[in-house]
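# A structural walkthrough
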Amino acid sequence: MAGSPFGWIDEQERVRRGAGLVRTLRPRPSSNPLLDLASNDYLGLTRHPEITGGAADAALRWGGGATGSRLVTGTTELHAELERELAEFCGFEAALVLSSGYAANLAAVTALAPHGSLIVSDASNHASLIDGCRLARGATQVVPHADPDAVRKALDTHQGQAVVVSDSVFSVDGDAVPLAELARVAREFGAGLIVDDAHGLGVLGDGGRGAPQAAGLSGADDTVVTVTLSKSFGSQGGAVLGPARVIGHLVNTARTFIFDTGLAPAAAGAALAALRLLRREPERAERARAVASSLHELLTAEGLQAVRPDAAVVSVRAPSPEEAVRWAADCREAGLAVGCFRPPSVPDGISRLRLTARADLTDDQIAQAVRVISRKAPDSAFIARS
């Protein structure tokens, strides 16, 4: 008699548990008593009354769902309005809204790297970019992290169409790629550039217009930018920004756009409300960066190994996966929610606590968070106490 077709899962579970890598879902209540440094709500907008009001108004007007793919019934006037304002805000000719940032990355990479092309991908890119490279028909060459010279060498080996793919700000350590230099290298070889600005939009650039805008790449005809609406904008969904001909090409070829249901109107309404609020209150972007810098300064003063942030993510090294899980759990028991990143989510195999700065955190809340993290840290997490 044949065994269970999924019996092999038990062995996988045993291996994960032995390595301290088991992940579990933890439903949170609607009213969360924890001080939140785990979410990606960089500007503190998820519960802002204008954003929740924008979501509610859109749902009441347009319905609970988009009702179909964007090419059938899933495109509303609201989607078009969001795309126009998002493109204008970030300085690009056109935008295309999709159901998630993940879908946006798959759309951009697969549609812009046809057979015979070369994709040069940073070793620390997000999983959605990696999956885009795997699904694209072009050949992929992975290069060392944030190394424009390595990108130059890879491009120099290829004759023909090429595209360079990179996060602007990397989600694990919060470090930024040297974007202007990366663009110069791509242009030396006539290569396109796809930048995932999920962690830059709303935090970097003039009034939160993003890392590409800060690097002088807004509106460039060789640059395509992907963003998510689920971080700084406190909503859900993703978008691709770039030249109008690129966006038109995606409408006709990107499978995660063509065959997916359109973004729910409530999410589009919330994102549009967040975008308009950020226009009025650009200081939120600067505050998010200041909170991240304060967290880094105070944590390193305690002797912890915190990576200097380039945007709103602060990474604190943990001695092992098991100690990272225990550290995060102890913080939670003390009233503080922090992220816990372990392999395979971290490409270098080093476990971390991941903190996300929020523009709405007070100085007292920052100090409280640092006290909890320091007091709950395993002894081996310290390099030297001040």
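A brief structural summary. The residue numbers shown here count from 1 along each chain, following its written sequence. Local features in this predicted model are restricted to residues whose pLDDT is 70 or higher, and side-chain atom pairs enter the listing and the counts only when it is 80 or higher, whereas totals over whole chains, interfaces and linings include all residues. In computing side-chain values, all of the structure's heavy atoms are included and hydrogens and water are not.

## Regarding the overall build of the protein chain
Here a helix means four or more residues in a row that DSSP labels H or I, a strand means two or more in a row labelled E, and each is numbered from the N terminus. Of the regular secondary structure elements, the protein chain holds 14 helices and 12 strands. Radius of gyration here uses only the C-alpha atoms, and the compact-globule reference equals 2.2 Å multiplied by the residue count raised to the power 0.38. In terms of overall size, the protein chain behaves like a compact globule, its C-alpha atoms giving a radius of gyration of 21 Å where 386 residues would be expected to give roughly 21 Å. Relative accessibility under 20% of the residue-type maximum defines a buried residue, over 50% an exposed one, and the middle range a partly exposed one, all with a 1.4 Å probe and only protein chains included. Of all 386 residues assigned to the protein chain, the portion counted as buried reaches 52%. A separation threshold of at least 6 residues defines the contact pool for the protein chain, and within that pool the share at least 24 residues apart is 72%. Counting every atom, the protein chain has about 17400 Å² of accessible surface; 51% of that belongs to carbon and sulfur. The contact definition used throughout considers only heavy atoms, calling two residues in contact when any of these lie within 4.5 Å. Where accessible areas are quoted, they stem from the Shrake-Rupley method and a 1.4 Å probe; at the residue level, only the protein chains shown are allowed to cover.

## Description of the sheet that holds strand E2 (residues 94–98)
Spatial ordering of the open sheet is given by E2-E8-E7-E6-E5-E3-E4, a layout of 7 strands whose pairing is mixed. Here the strands that pair on one side only, and so sit at the sheet edges, are E2 and strand E4 (139–143). Between one strand axis and the next, the sheet turns by 20° as a mean value, whatever way the strands run. Relative to E4, strand E3 (residues 118–122) runs parallel, the two being bridged by 5 bridges. Bridge assignment links Leu 118 to a residue of E4, and that residue is Ala 139. Pairs of strands are assigned from DSSP output, requiring at least two bridges between the strands. Working convention: axes come from line fits to C-alpha atoms, limited for helices to the stretch in contact. Angles between N-to-C directions cover 0 to 180 degrees.

## Description of helix H12 (residues 283–301)
Because the α-helix completes a turn every 3.6 residues, residues three or four places apart line up on one side. A helix is expected to span 1.5 Å multiplied by its residue count minus one. With 19 residues, H12 ought to run about 27 Å at 1.5 Å a step, and its terminal C-alpha atoms sit 27 Å apart, in line with that. For H12, the secondary structure elements touched by its buried residues are strand E1 (35–37), helix H11 (265–280), strand E9 (306–307), strand E10 (313–317), strand E12 (352–356) and helix H14 (363–376). Among the residues trailing H12, Gly 303 stands out with phi positive, at a value near 95°.

## Describing the nonpolar core
Only buried residues count toward a nonpolar core, which is a set of Ala, Val, Leu, Ile, Met, Phe, Trp, Tyr and Cys residues joined through side-chain atoms within 4.5 Å. Trp 327 and Ile 373 are the most contacted members of the largest nonpolar core, which has 90 residues in total. In contact with Ile 373, other than residues within four places in its own chain, are Leu 299, Leu 304, Trp 327, Cys 331, Leu 336, Val 338, Leu 353 and Leu 355.

## Focus: unusual backbone geometry
Even without glycine at this site, Thr 67 takes up a positive phi of about 80°. The residue Thr 67 is located in the loop between helix H2 (49–62) and helix H3 (77–90) in this model. Thr 67 sits in the exposed class, given a relative accessible area of 64%. Unusually for a residue other than glycine, Ala 146 sits at a positive phi of about 50°.

## Side note on the sheet that holds strand E11 (residues 336–341)
Taken in spatial order, the 5 strands of this open sheet run E1-E11-E12-E10-E9, and their pairing is mixed. Edge positions in the sheet fall to E1 and E9, since each has one partner strand and no second. Pairing between E1 and E11: 3 bridges, direction parallel. From the neighbouring strand, Asp 36 faces E11, where its bridge partner is Ala 337. Where H12 meets the sheet, it contacts E1, E9, E10 and E12, and its direction lies at approximately 20° from that of E10. Docked against the sheet, helix H13 (residues 321–333) engages E10, E11 and E12, running at close to 165° with respect to E11.

## Concerning the pairing of E3
Taken across its 5 residues, E3 has 5 buried, putting it largely inside the fold. The side-chain alternation of E3 yields two buried faces, one formed by Leu 118, Val 120 and Asp 122 and the other by Ile 119 and Ser 121. Read as a crossover between parallel neighbours, the route from E3 over helix H5 (residues 127–135) to E4 is right-handed. The sheet contact formed by E3 and strand E5 (residues 162–167) spans 4 bridges and is parallel. Looking across to E5, one finds that Val 120 is bridged to Val 164. The definition of a right-handed crossover adopted here requires that, viewed with the strands pointing away, the path from the first strand over the helix to the second runs clockwise.

All quantities given are derived from atomic positions and should not be read as evidence of function.
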